[in-house]
Amino acid sequence: MKCFYAPETEAHDPQFRLTHGRLLHNAEQAERARLLLAGLDRLGLATETPPEAPRAALEAVHTADFLDFLEHAWDEWQKLPNCGPEVVPNVFAQKAGSTYPRDSIVGRAGWHMGDTSAPIGPGSWQATRRAADCAVAAAGAVLAGDPMAYALTRPPGHHSTADTAAGHCLMNVSAIAVERLRTRHARVATLDIDVHHGNGTQGVFYGRADVQTVSIHADPASYYPFFVGYAHETGEGAGEGFNLNIPLPRTTTDDAWLAAIETGLARIAAFAPGALVVPLGLDAHENDPLAGMKISWDGFREAGKMIAAAGYPTVLVQEGGYLSEDLTTSLESFLSGALGRG
Ligand SMILES: [Zn+2]
C-alpha cells in the first residue's frame, strides 16, 4: 500500500488553545506525525513524498478567498500593531446577510476561522498545502489502480468547509481527495470514523447527490462540533438522502461502534460508489486524550478489515488522533486489519 507524507507539514506548529476558558497548549502537534510514522514503520510501510498538486485540486473544494486567506494571513497579521505570534480570531462572522471584510485581516480571520483551535503560524500554509498534496497523491495512486492508499496528513481537514477553517483543521484534505476521485468516478462515498463529526465534509457535499457522506462520531449534544452532526441531517436539495450521521454515546465500545460502521457500509453499498474516502481519525481510541469514546485496538483492527472487505478503491486520509504513545498502535491496528495481516 502506498503511503504519502511530506515533512514540510511539520512546519505547522500551533500553540494557542482555549478550552473551558483556559489557555492551554494546542493538541494538534507535529509530534503526531512522528507517532503515526512509527505505526507505518512497524508494518514495514515506507512513505513517498508527493509531488505538488495543481491549484485546481484545492479550488475544487475551497473558495479563492479562503485559499488566499490561508496563504497570506500570517504575513498580514504581522503588520498589526502589537500582534501575537499566531492568527487567532477574536470576532466571529454570523455569515447570513453579512459583508465580507476584504480590507481587514482581523475581520477576515473572523470570517474564515470558525473557532480558535486552528491558529495560523508562519509555516501553516506550507503545511496544509503539502497535506493536500499527500491527499491528492493518495487519490492518484488509487485512480491508477492501487486498491488502497494512505495519506499521512496534518493539519487535519474534516472540520473545514469551503471557506472556513475550524477544529484544528485548515484545508479539508479528505474533501480534496473526494474531488480528485470524482474526476474519474461518477459517485464517491466517505466513511468518517473520527470521533468528531465530519462537519466540514458534510458541509462541502450537503447539497450534492454524487457524494454520499457518512459520519460515525460522539453525539454532538455534548461534544465538538456541537451544532451539527445529528441524525436528522440528511442532506438538502439534490443532496437530500445522501448524508448519514450516526451519533453515538461517549461510552461507546467496540461492538456498537462496529455495528455503526456496518450500517454506514450498507448505506454506501446501496449508493454503489466507484471509490471511497475514509477520513481516518483515530481519536475514538479509549486512551486518546480527547476522551470521546472507548474503542480498543481490536476494534480498530476489525474496522480496517470491514472497510477493506467492502472492496472499494479506498483512500485513507489521516484526521484526528492526539498525543499519546498509543497513537502509534492505533494506526498499526487499523492498517493491519485493512491489509489483512490479522
Ligand atoms: Zn477528531
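Here we summarise the structure given alongside this text. Per-chain numbering applies: the sequence of each chain, read as written, is numbered from 1 onward. Side-chain atom pairs in this predicted model are given and counted only at pLDDT of 80 or more, local residue features only at pLDDT of at least 70, and totals for whole chains, interfaces and linings cover all residues. To obtain the side-chain values, all non-hydrogen atoms of the structure were used and water was disregarded.

**Some points on the pattern of salt bridges**
- Between Lys or Arg on one side and Asp or Glu on the other, a salt bridge is scored when a side-chain nitrogen of the former is within 4 Å of a carboxyl oxygen of the latter. Enumeration according to the criterion identifies 21 salt bridges in this entry.
- Notably, a salt bridge pairs Glu-71 with Arg-55, separated by 3.2 Å at the nearest N-O pair. Of this pair, Glu-71 sits in helix 3 (residues 64–77) while Arg-55 sits in helix 2 (residues 55–59); the two residues are 16 residues apart in sequence, bridging distant segments of the chain.
- Each residue is assigned to one of three classes by its accessible area relative to the maximum for its type, calculated with a 1.4 Å probe on protein chains only: buried under 20%, partly exposed between the two thresholds, exposed over 50%. Under the relative-accessibility criterion, Glu-71 is labelled partly exposed at 30%.
- Classification of Arg-55 as partly exposed rests on a relative accessible area of 32%.
- If you follow the salt bridges from partner to partner, you end up with Glu-8, Glu-52, Arg-129, Arg-130 and Asp-133 in one network. Strands here mean DSSP runs of E at least two residues long; helices mean DSSP runs of H or I at least four residues long; both are numbered from the N terminus.

**Describing the coordination of the zinc ion**
- In the first shell of the zinc ion, the protein supplies Asp-194 (OD), Asp-194 (OD), His-196 (ND1) and Asp-283 (OD), at 2.0 to 2.8 Å from the metal.
- Taken together, the 4 donor atoms coordinating the zinc ion and their angles of 51 to 151 degrees define a geometry best described as irregular.
- With water excluded from the atoms, a metal site may look incomplete; its donors are any N, O or S atoms within 2.8 Å, or within 3.2 Å for Na, K and Ca. All donors of the zinc ion come from a single chain, and their spacing in sequence reads D-x1-H-x86-D. No difference in accessibility class separates Asp-194 from His-196, as the two residues are buried. Under this scheme a four-donor centre is tetrahedral when all angles range from 85 to 135 degrees, a four-donor centre is square planar and a six-donor centre octahedral when opposite donors are above 155 degrees with the rest from 65 to 115, and any other centre is irregular.

**Describing the nonpolar core**
- The term nonpolar core refers to a set of buried residues drawn from Ala, Val, Leu, Ile, Met, Phe, Trp, Tyr and Cys, joined through side-chain atoms within 4.5 Å. Ranked by size, the top nonpolar core spans 50 residues in total, and within it Tyr-150, Leu-191, Trp-257, Ile-261, Leu-280 and Phe-334 carry the most contacts.
- Counting residues per element, this core draws most heavily on helix 8 (residues 254–271), which supplies 7 residues.
- Tyr-150 has contacts with Met-1, Lys-2, Cys-3, Phe-4, Leu-36, Leu-40, Ala-138, Leu-280, Leu-316, Gln-318 and Leu-331, leaving out every residue within four places of it along the chain.
- Core analysis: the second largest hydrophobic core is formed by 49 residues, Ala-53, Ala-139, Leu-143 and Val-173 among them. Contacts are residue-level and defined by heavy atoms, with any inter-residue pair within 4.5 Å sufficient.

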